[in-house]
Structures are given as structure tokens and as C-alpha cells.
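# Chain and residue survey
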Amino acid sequence: MSARHLRGIDDVGADGLLRLLDLTDHMAEVGRRANPKVPALRGRTVCNLFFEDSTRTRMSFDTAAKRLSADTMTLAVGSSSVNKGESLRDTVETLEAMGVDAFVIRHRSSGVPWRISEWCTASVINAGDGWHQHPTQALLDLYTIRAERAARGAEGFENLRVGIVGDIRHSRVARSLTEALVLLGASVLHIGPRTLMPPTPLAPSTDDLDAALADLDVVYLLRMQLERIDSAVVPTGEEYSRRFALTPERAKRLGENVLVMHPGPMNRGVEITVDPAHLPGSVITQQVTNGIAARMAVLFDLLGGVDLDVGSPAIGSGGAAS
Amino acid sequence: MSRDAQGGGVLLAGGTVIDILGERRVDVRISGGAIAEVGERLDAADDEVIDVSTMVIAPGFVDLHTHLREPGMTEAETIETGSRAAALGGYTAVVAMPNTDPTQDCVSVVDFVRAEGRRAGLCDVHPSASITVGRAGERLVPFAELAAAGVRIFTDDGSGVQDDGLMRRALEYAGELGLTLAQHCEVSSLTAGAVMHEGECCSHLGLPGWPALAEELMVHRDIELVRLTGSPVHLLHLSTARSVELVRAAKADGLPVTAEATPHHISLTDERLRGFDPLFKVNPPLRTIRDVEEVRRGLIDGTIDAIATDHAPHPGHAKERPLDSAPPGMLGLETAFGVARAHLDLPLRDLIALLSWRPAAIAGLGHLHGRPVEVGEPANLTVLDPSVEWTVDPDALASRSSNTPYRDVPLVGRPRHTFLHGDAVVRDGVATR
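Definitions and cut-offs
Residues numbered from 1 in each chain as written. Chains lettered and ligands numbered in written order. Predicted model: local features only at pLDDT ≥ 70, side-chain atom pairs only at ≥ 80, totals over all residues. Helix = DSSP H or I, 4+ residues; strand = E, 2+ residues; numbered from the N terminus. Rg over C-alpha atoms; globule rule 2.2 N^0.38 Å. Buried ≥ 20, exposed ≤ 12 C-beta atoms within 10 Å, placed from the backbone. Contact = placed C-beta atoms within 7 Å. Expected span 1.5 Å × (residues − 1). Nonpolar A, V, L, I, M, F, W, Y, C, P; charged D, E, K, R; others polar. Axes fitted to C-alpha atoms, helices over the stretch in contact; angles between N-to-C directions. Parallel < 35°, antiparallel > 145°, perpendicular 65-115°, else oblique. Pairing = 2+ DSSP bridges. Left-handed = near helix turned anticlockwise from the far one by under 90°. Core = buried A, V, L, I, M, F, W, Y, C linked by C-beta atoms within 7 Å. Domains from an automatic or database assignment. Arc of directions from axis to C-beta.

### Topic: the overall build of chain A
Looking only at helices and strands, chain A has 11 helices and 9 strands in total. Relative to the 2.2 N^0.38 estimate, which gives 20 Å for 322 residues, the radius of gyration of chain A is 20 Å and therefore close to what a compact globule would have. Principal axes of the C-alpha set define a box for chain A whose edges measure 55 × 50 × 30 Å. Burial status across chain A gives 49% buried among its 322 residues. Taking as baseline every contact in chain A between residues at least 6 positions apart, the subset at least 24 positions apart corresponds to 76%.

And the structure:
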């Protein structure tokens, strides 16, 4: 029994996450075929409703839908104050009248996917709402952790120690990932100054990255928004980097099996001052690749897709050759 | 315009009177806008007799905190529709908040509001005025001129007066004129962008928090300014446990500080925001259960003087915006009695005190409203059915808006008749005009 929406991690729970991770494996296999396209969602319409600019996430969702043969439409409304007075409900009801099976929603305001799900019968997939949730990012991160750890001979989430570094307070990525990791039995440490932590902690926290590094299996760097520096949440970018960036010195101290992750886009020179291409544990590129498979899994699951292989011209030719 | 003109009055027969003097079973005859006779088994003569034998006759309620939205925001409410909601809620007087457009900061706007209230004729509309021009927090309004036009309560409600020196001068100047300043306690530098109470819930929901401290700092500052100036302050819509403590201590020191609390702050918590529904967005925000309990305790022990609705209508589409850009506020007038009754463990007489004569005194209306039910007193009365069970239907409310947080909530007790200067403005739960 699958959920109808993926608005936040609590729409699926631990079992749902594990099911989606297995499904992502299948989708990754599809992605490695010579023709990475299957007819699973033929005739279904996915509407990308992006009230906030996000080229990367939008393209990832769009590619995922197309690989499943769904029809897509995209409305990039932008996030300017011009739209503040507009009734969200009117927008959604108009689009649904055109025949939409799933809305993929990105909005600068926390909670918008929940409101929209009350106003329509389509499935709602959260592509990031305010500071709140970004569940497909969490899913692709979990998948990346599982796959990359397996490749390094480690299994399971139970003994995993993940440090999330930076602006936890304003991060939907941190909220979804923390919730998902804790559900699967991993331990999470939030690392950053108090001004970047939520008023009530969502996980154990510290402002001492150097002390924390020795005990981590995954170092997850968050994007440091430059506007936080402008609004005096941290004193200067330089000071932030000294205390919380992954510097070459800190990178040297990481064990060879420690994964380094980042949801992108990176602020080089701020939260990371080392070239990740030179880090053996960096899996940042894999995160991007896995994002498509994870979003395919979510679309397939919510929209009740049919057999992945039926009608695929790629059968037998591409397969899992790569 | 009432039956009085034709000679006959109204006889409220068989009810229980509850007022500042106590509780007694007597009939009440209303004639000529006043209470003509009070006694046992009065002769009906040519009066219209209303059987109120299961009901309570009380002085009409007085709301210290009503947003009527006119002038300027009549899509949400008008003085007439808001007055009707008030009358149906048992109110015979409301203090109209000044955050209209234009602001109630000069005599012409204040006169307009009062005149529209009179024209609607459903309850006494007493305009407040702002403390600063345009509620901008910079220049003081002409207090004496506005006082001469009948204004007794001054407030920048919607925001607090941030400037300590300006607030001190306002208190010194207005206090001398016998006026009361009412404060919306919110230090704005601590609430920039805030959507809900700062705590565990907002941390999970990824919403900017409104810390309790932002209210408490201004409560504290104003109490100290009262101590310095000797001028009275009324603190609007207290929402935090520590605010109640501060006011309790100020009263123990004998300072002229009064305070109000809303029905929603004693009935709802920040957990309601988990569905991101702007119906539950209000300023100050819904707090934790601990705060709710302390505000209730403050009302019960007399630390908080009055229940005030902060009735704040908004059109439906405004509450369909994302939570962070939707306007704060909820309806209150028609549900106040039932909600307060359900959430305050108080004898009916003490509850009525919080809704009637105590706020009447704060508003400077003690000569007209909240009066004892005695011969010669103005007939501003509400007749309550204390045991009727009803369910809140947002679309059935008289307010032009329907943003009540109590949709489908069952309540017990509701005003059944309301008399304004002897006129039956509500009969059997229906407004007569």
C-alpha cells in the first residue's frame, strides 16, 4: 500500500523509505540502459509547479518524469512578491482542471504542499517548501549513502554517524534528512553556531566541527546562504569558513571511507574550501545522478506505475551493462 | 424605533439575573430604553412577554478589542456586519481598533466610525484612536482633541510602540488627560518575519518563530513606565505564562495596570499550525499548553481583568495564501461566550464579570454598560441560554468573513436575546436589523 503524497518524510515512514530505496535501485538500472526510458507512466501528466527558481531540481524531476514516459508541464512562477497576493488555490484548481495526476511543488513558504493537497485530488510531491522539507533530496541522499557505503564494504543505517554542517535552522534539506536518518536508525549530529540552529534542537548539536570530525561516517555540508552573513546571523564569511568549512586541513583528517556530501549548489570558498574532486570520499556528483532515479521511484510509486520493462525497446540491448 | 414608542415595553419573565450585585430570580421590565421595573412576578400589562425561565439576564458584554475593518477593508467586515456579529455574541458595546485605512488617528475618522455604528444601531461602537499618527510610531496623535471627541482608549494595536522615550511621553501626556493607553506588546526586532510561536513546533515546521520574550519585554517595559509615570496602561491580548506573572507582580505593587486575554489564547495551542492552515495564524501567536494554562489561571485569579475577542476578520482568499504571507487574525465575537465557558473553570457570574462590567470599566463605559440590572439603568442587556448546545458553522456567522478557528466545534451556551438601549437587536438568536 503506497502513500498518495510525498510532502514530507512522515508521509512514508521507515518502511516506505526502504521500499523507495529499493525502487530507486531499479530506476538506477533503467538509467544505465542505452535507452533509459520506460513506458511505466504513459498517459499520466506530471505538473512541475515551481514558485521558486530551481533549475537543478526542476530538471531532475522533469527528466525523471520523461524517463517514465509521463507527459509533463511546467509552470515556473518565480518567487517574487508580485505573486504574494495571488490565491494559491486558484492557481492549483486551474491547473488541475487541465488534467494533472501529480503536482511537483517548490515554494519559498513552508507548508504549501500540505495546503495544496487539501485542495486537489492529484498526488502532491514536495520539491522543497521554505525551510521545512525536501523529501526527494533526503531520499537521494539516503540512496547515495547506502550505495556508496556498500561499495566501500559497509552496510545498513543502524550504526551510521552523520554530521550535518551549517545552516540547519533555515534548511529543508537538513530537516528531511535528519528525520529520515533517525527513522532508519542512524545517529545525526548537527554542527554549526547556535544562530544557525533551530530554536529547539532537532538532533544533538555542537559548534565544534574539529572535535566532531573524528566520529563521523558522513560529513554533509549545507549551502551557506550569503544573505545570512548580510543579516548578521554569523559575523563574516571568513569567520564562518574558519569554523565550519571543509578545509584542506580538515579534509586530511577524514578517514578514507568517510563520505563527503553536499546538496548543491556549492558556495566554494564558504562551506567548502577544498576541491571536492580531490576528495576520495566525495560523492557529490553521485548525488546528482541518483537524484533522477530517486525521483523516478517516487513518481512511479505514487502514480502506480506499471511494469518497468514492458514495451521498452531497450530490453536486451542496454540492460545493466554499465 | 422600538416598541416603547407605542407605549408597551418588554417583560423578561421567569429568568435569573446575574450582575455585579449577585444572582437573583426576578422579572425585568424594559421600557423607554431603560429598566423600568425589577421584581418577582411582575404584571405583564400591555408589555410583550418573553419567557426567559431557563435563561440568564446579564448586563451586555463589552469587547475591548474589535477590528471592524471600516474604513478601508470592507471586503473583510463593515461596521454594520461587525456590529451584528457583536450583538449576536451578546455584546452591547465594542471598542473599535484603530488600524483602519485611514487610521483612526484624527477626529474625522473617529467620528465616522462612531456615526456608522450609530446608523447600524446594533451595538454601541466606541472608536479607539492610535497613539501615534498612522500607527507609525513616530509622532503622537492629538490626544486632547480626540478625548473631546469621546475617545478613551488609545492604542497602536497591530504593533507595539517600539520607542521607549516616545511611549514614556505618551503616558505622561495622555495620563494627565485621564486617558488609557493600550499596548500591543511585541518588540518587533525579535519578531521579524515571525509566523508562529517560537518553540518546538516551529522548529519542526521550519517557520520563523515569535518568541514569548518579545511580548514579555514590552510588558515589563510598560509596567516600569507605569511605575515611573503613574499613568494607566492596558495590556492587550496577553499570551504567555511569564506575561501573566509580570502583571500579577505589578498589581501586587498597586500599579494601575490592566490586562485582557482572548478566547483563542485560552483554548488553542501552536500545535494547531501543524497543518499550515492560516486560520490558526494570529498575532500574538497561539502558544504552548503551559502558556494557555497560565493565561487561564490569570483570568481565574483576577490578574487578567477581561476577556477580549481581538475579532479580526479576513476574507477567505487572504487565508488561502501561504502561511507566512497570510494575514494574522481570527473571528471572535460570536463564539467568545461559548469558548470562554468551555475553557474557564469559573462560576457563571465570574465569567460574565470578565465579559461585561470589568471591560466596561477599562473602556470608560462603566456609566452605560455592565451596569446592575436595577430600575433606571440603561437597558443594555444580554439574555443567555447557558445550556444550549450548538456547533460553530463558519458560513452561518453574521460576520462578513468566516475565518473562525472553531469550525465544527461543539459549544455549550449562547446569547439568545440582546437589548441595546431597550431595543431588542437580537431576538431568539436572530438579529432584528
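Moving on from the coordinates now.
### So, the overall build of chain B
Along chain B, the regular secondary structure elements total 11 helices and 21 strands. Its C-alpha atoms give chain B a radius of gyration of 21 Å, within 12% of the compact-globule value 22 Å for 433 residues. Oriented by its inertia axes, the alpha-carbon framework of chain B measures out at about 65 × 45 × 40 Å. Out of the 433 residues belonging to chain B, those deemed buried represent 59%. Taking the contacts inside chain B whose residues are at least 6 apart along the sequence as the reference set, 75% of them involve residues at least 24 apart.

### Describing helix H6 (residues 212-229) of chain B
All names here are of chain B. With 18 residues, H6 extends 26 Å between its outermost C-alpha atoms, agreeing within 8% with the 26 Å of an ideal straight helix rising 1.5 Å per residue. For H6, the complete set of buried residues consists of Ala-212, Ala-214, Glu-215, Glu-216, Leu-217, Met-218, Val-219, Asp-222, Ile-223, Leu-225, Val-226 and Thr-229. Turning to H6, the residues buried within the fold contact helix H4 (164-176), strand E12 (180-183), strand E14 (209-210), strand E15 (233-235), helix H7 (241-252) and strand E16 (257-261). Downstream of H6 by one or two residues, Gly-230 has phi in the positive range, about 75 degrees.

### Digging into the interface of chain A and chain B
Reports often express the size of an interface as the amount of accessible area lost when the parts come together. Every contact between the two is made by 20 residues of chain A and, on the other side, 19 residues of chain B. Counting residues per element, the ones that place at least two in the side of chain A that touches chain B are helix H3 (88-96), helix H4 (112-119) and helix H6 (172-183) of chain A. For the side of chain A that touches chain B, the leading source of residues is H4 of chain A, giving 3 residues. For the side of chain A that touches chain B, the per-class residue count stands at 7 nonpolar, 8 polar and 5 charged.

### Quick word on the environment of Asp-101 of chain A
All names here are of chain A. Relative to the helices and strands, Asp-101 is located in the loop between H3 and strand E3 (102-107). A C-alpha to C-alpha distance of 41 Å links Asp-101 and Asp-230, two positions 129 residues apart in sequence. Dropping the residues within four chain positions of it, Asp-101 is found in contact with Arg-44, Thr-45, Val-46, Ala-122, Ser-123 and Leu-303.

### Focus on the environment of Trp-390 of chain B
All names here are of chain B. When you line up the elements, Trp-390 lands in strand E18 (residues 381-391). A residue is classified by how many C-beta atoms lie within 10 Å of it, and Trp-390, with 16 of them, is partly exposed. Here the alpha-carbon distance between Trp-390 and Asp-157, two residues 233 residues apart in the chain, equals 32 Å.

### Re the packing of H6 of chain B against H7 of chain B
Two measures define how a pair of helices packs: the angle their axes make with one another and the distance between the axes. All names here are of chain B. Between H6 and H7, whose axes approach to 9 Å, the crossing angle comes to 10 degrees. By the criterion of interaxial angle, the relationship of H6 to H7 is roughly parallel. Where H6 abuts H7, its residues Ala-212, Glu-215, Glu-216, Val-219, His-220 and Ile-223 lie against Arg-242, Ser-243, Leu-246, Val-247 and Ala-250. Counted by class, the contact of H6 with H7 contains 6 nonpolar, 2 polar and 3 charged residues.

### What about the sheet that holds strand E20 (residues 423-427) of chain B?
All names here are of chain B. Ordered by their spatial adjacency, 7 strands build an open sheet running E3-E2-E7-E18-E19-E20-E21, and the pairing between neighbours is mixed. Each end of this open sheet is capped by a strand with a single partner; those strands are strand E3 (22-25) and strand E21 (430-431). Of the strand pairs in this sheet, strand E2 (residues 16-19) and E3 are connected by 4 bridges, and their pairing is antiparallel. Each residue of the ladder has a partner; that of Ile-18, found in E3, is Glu-23. Sitting on the sheet, helix H10 (residues 348-355) is in contact with E2, E3, strand E7 (56-59) and E18, with an inclination near 55 degrees to E2.

### Considering the packing of helix H1 (residues 79-88) of chain B against helix H2 (residues 107-120) of chain B
Residue and element names in this part refer to chain B. Here H1 crosses H2 at 60 degrees, and the two axes come no closer than 9 Å. Regarding the angle of H1 to H2, the classification is oblique. Crossing angle aside, the handedness with which H1 passes H2 is right-handed. For the pair H1 and H2, contact is made by Ile-79, Glu-80 and Ser-83 and by Val-113, Glu-116, Gly-117 and Ala-120, respectively. Residue composition of the contact of H1 with H2, by class: 3 nonpolar, 2 polar and 2 charged.

### A few points about the nonpolar core
Membership of the largest hydrophobic core comes to 132 residues, with the highest contact counts inside it found for Ile-57 and Phe-154 of chain B. Here the element with the most residues in this core is H6 of chain B; it accounts for 7 residues. There are two domains that each give this core at least three residues, and those are domain 1 (3-57 + 374-431) and domain 2 (80-362) of chain B. Apart from residues lying up to four places away in sequence, Phe-154 of chain B is in contact with Ser-128, Ala-129, Ser-130, Ile-131, Phe-143, Ala-174, Leu-179, Leu-181 and Ala-182 of chain B. The next biggest cluster of nonpolar side chains, apart from the first, holds 90 residues, and it includes Leu-142, Tyr-143, Val-188 and Leu-221 of chain A.

### Description of helix H2 (residues 55-67) of chain A
Residue and element names in this part refer to chain A. Taking 1.5 Å of rise per residue, 13 residues should cover 18 Å, and H2 covers 18 Å from first to last C-alpha, within 8% of that figure. By the burial criterion, the buried members of H2 are Thr-57, Ser-60, Phe-61, Ala-64, Ala-65 and Arg-67. One side of H2 holds all its buried residues, which, seen down the axis, span an arc of 165 degrees. For H2, the elements touching its buried residues are helix H1 (13-31), strand E1 (45-50), strand E2 (71-76), E3, strand E4 (123-129) and helix H11 (284-302).

Everything listed here is a matter of coordinates, which is why it stays silent on function.
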